[in-house]
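What the coordinates show
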Amino acid sequence: MDLNFPLPPSVTLATGPNGLPRLEIATPLAEAHLYLHGAHVTHYRAHGQEPLLFLSARSRFEAGRPIRGGVPLVFPWFGAKAGDAAAPAHGVARIRPWALESAQESEDEVVLTLRLEADADSHNDTPAEWTLRHRVRIGSRLTMELEVENHGATPFTCEEAWHTYFHVADVREVALRGLQGVAYSTAIEEPHHAQQQEEPLRFSRETDRVYHHTSGPYQIEDPGLKRRICIEKSGAPSAIVWNPWVAKARAMEDFGDDEWPHMLCVETGSVGPDRLEIAPGAAHHARTQLWAEAL
Ligand code: TA6
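Residues numbered from 1 in each chain as written. Predicted model: local features only at pLDDT ≥ 70, side-chain atom pairs only at ≥ 80, totals over all residues. Heavy atoms only, no water.

1. Observations regarding the pairing of strand β20 (residues 263–270)
The element β20 is largely enclosed, with a buried count of 8 among its 8 residues. Side chains M263, C265, E267 and G269 project from β20 onto one buried face, and the interleaved L264, V266, T268 and S270 project onto a second face that is buried too. Across 3 bridges, the pairing between strand β11 (residues 160–162) and β20 is antiparallel. Note that in β20 the partner of W162 across the bridge is T268. Sheet analysis places strand β19 (residues 238–243) next to β20, joined by 5 bridges and oriented antiparallel. Residue pairing across strands places A239 opposite T268, the latter belonging to β20. (Buried < 20%, exposed > 50% of the residue type's maximum accessible area, 1.4 Å probe, protein only. Helix = DSSP H or I, 4+ residues; strand = E, 2+ residues; numbered from the N terminus. Pairing = 2+ DSSP bridges.)

See the structure below:
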């Protein structure tokens, strides 16, 4: 990968599996790994803590395939693309190589900005005139921003999310707070549309819920790791909560059969009824902050 600027001392360009370029960040506050493939954060650990993110030992690091774990980016659609069975699940952003636009370091923090331009991808029936930037700040917290610019002459409708896989000791022991009273939809529970009554949400089966019009914040209480993972966000009114459990874990070839207890996806973005409609020449900005603190 040719860079037209020097990297700051805390950032090293390494080669990951299958030769995928990986930026390795090491500061006095935290360490992280970020692949240009999908602008994908695969590792973040604040010093003195356990890794914040889960990464499957079976993940494929291949062009055209998403990395399993860390923070896959969902864009410009969530899930299957309506009317296009051949389109990649969760869009194209997580399976494309991104450009590193800038890398800055100040006061023990590193900020990396990556850029993806629309291409003539056949699945892109939306006006192929957008630019997506992913700005990642590595400090005592993991801060990520998504900025979508619409360069077209017509409104651009899209969905986006950080599909974050959090590392937990045992999902059967964790409690997720912050979604009481929020409406959600699910394909694997009856009824398919409901309002969450319980607080906290606990996990005893496959869970796959899409919540709408929720501003957070959320907390994952993990007694096994004696920590609380904190999730704050802005410009991202949806939340998605997912654990594949036993059968779905077995069905995924890039996910270990025994890995499901050690992860929980709590994703944030704008999907479904919260999808974005960006006017010509306008931009949308979303931000999330993730960190852990002692229980
Ligand atoms: O975000 C939840 C979800 O949509 C689940 O339905 C499950 O499919 C998960 O995403 C993983 O999707 P992927 O395409 O990464 O295997």
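That covers the picture; the talk isn't over yet.
2. Describing empty space enclosed by the protein
Rolled over the atoms, a probe with the dimensions of a water molecule shows which regions are left empty. Under the defined criterion, the tally for this structure stands at 1 cavity of 30 Å³ or more. Volume-wise, the largest cavity comes out at about 30 Å³. If you trace the largest cavity, you find it lined by M144, W162, T164, F166, I231, V266, T268, T288 and L290. Of all the secondary structure elements, the ones that give two or more residues to the lining of the largest cavity are β20 and β22 (283–294). Classifying every residue of the lining of the largest cavity by side-chain character gives 6 nonpolar, 3 polar and no charged. (1 Å grid on protein atoms, 1.4 Å probe; cavity = no way out; pocket = protein on both sides within 12 Å on 5 of 7 lines; lining within 4 Å. Points joined across faces, edges and corners; volume = space filled by probe spheres on them. Nonpolar A, V, L, I, M, F, W, Y, C, P; charged D, E, K, R; others polar.)

3. As for the site of the ligand
As a structural note, the neighbourhood of the ligand is formed by R68, F78, A89, H90, R94, H163, D208, I240, W242 and E267. Here an oxygen atom of the ligand sits 3.0 Å away from a polar atom, N or O, in the side chain of R68. Contact with the protein chains hides 78% of the accessible area of the ligand, taken as 390 Å² for the molecule alone. When each cavity is represented as a set of grid points, the ligand is found to reside in the largest pocket. In terms of residue class, the shell around the ligand is made up of 4 nonpolar, 2 polar and 4 charged. (Near = heavy atom within 4 Å. Polar contact = N/O pair within 3.5 Å; in protein donor to acceptor, adjacent residues only side chain to side chain. Areas by Shrake-Rupley, 256 points an atom, 1.4 Å probe, with all protein chains shown as cover. Sits in = over half its atoms within 2 Å of the grid points.)

4. Details of the side chain of N150
For N150, the position within the fold is in strand β9 (residues 142–150). Those residues in contact with N150 that sit more than four places away from it in its chain are E129, P155, F156, I278, A279, P280, G281 and A282. (Contact = heavy atoms within 4.5 Å.)

5. Details of the packing of aromatic side chains
Applying the stated criterion across every chain yields a total of 9 aromatic pairs. Both rings, one in F54 and one in F255, keep their centres 5.7 Å apart while their planes meet at 50 degrees; by these two values the pair is tilted. A residue pair is termed long-range when its members are at least 10 positions apart, and F54 in the loop between β4 (40–46) and β5 (73–74) and F255 in the loop between α1 (245–251) and β20 qualify at 201 residues. A relative accessible area of 6% means that F54 is categorised as buried. Residue classification places F255 among the buried residues on the basis of a relative accessible area of 0%. (Phe/Tyr/Trp six-rings, centres within 6.5 Å; stacked < 30°, edge-to-face > 60°.)

6. A few points about the sheet that holds strand β13 (residues 175–177)
Spatially, 8 strands are ordered β6-β7-β8-β9-β22-β18-β17-β13 in an open sheet, and the strand pairing comes out antiparallel. Pairing within the sheet leaves two strands with one partner each, and these edge strands are β6 (99–106) and β13. Neighbour-to-neighbour, the strand axes of this sheet turn through a mean angle of 15 degrees, independent of strand direction. With 8 bridges joining them, strand β7 (residues 109–117) and strand β8 (residues 130–138) adopt antiparallel strand pairing. For V111, the partnering residue across the bridge sits in β8 and is R137. (Axes fitted to C-alpha atoms, helices over the stretch in contact; angles between N-to-C directions.)

7. With respect to the pattern of salt bridges
Scanning the model with the defined rule gives 21 salt bridges in all. Between E206 and K248 there is a salt bridge, and its shortest N-O distance comes to 3.0 Å. Of this pair, E206 sits in the loop between β15 (193–195) and β16 (207–211) while K248 sits in helix α1, and the two are 42 residues apart along the sequence. Judged by relative accessible area, K248 falls into the partly exposed class, the value being 34%. What emerges from the salt-bridge pattern is a single network uniting E101, R115, E117, R133 and E149. (Salt bridge = Lys/Arg side-chain N within 4 Å of Asp/Glu carboxyl O.)

8. Let's talk about the layout of surface pockets
Reported here for the largest pocket is a volume of approximately 300 Å³. R68, H90, H163, D208 and W242 are, among the 15 residues lining the largest pocket, the residues nearest its centre. Secondary-structure elements contributing two or more residues to the lining of the largest pocket are β16 and β19. In terms of residue class, the lining of the largest pocket is made up of 8 nonpolar, 2 polar and 5 charged.

9. Let's talk about unusual backbone geometry
The linkage connecting E190 with the following residue, P191, adopts the cis geometry, with an omega of -10 degrees. In the segment running from G216 into P217, the intervening peptide bond is cis, with an omega of -5 degrees. Among the secondary structure elements, P217 is positioned in the loop between β16 and β17 (218–222). Positive phi is not limited to glycine here, since D108 has a value of about 65 degrees. For D108, the position within the fold is in the loop between β6 and β7. On the basis of relative accessible area, D108 is assigned to the partly exposed category, the value being 37%. A positive phi is found at H213, a non-glycine position, where the angle reads about 55 degrees. Assignment of secondary structure puts H213 in the loop between β16 and β17.

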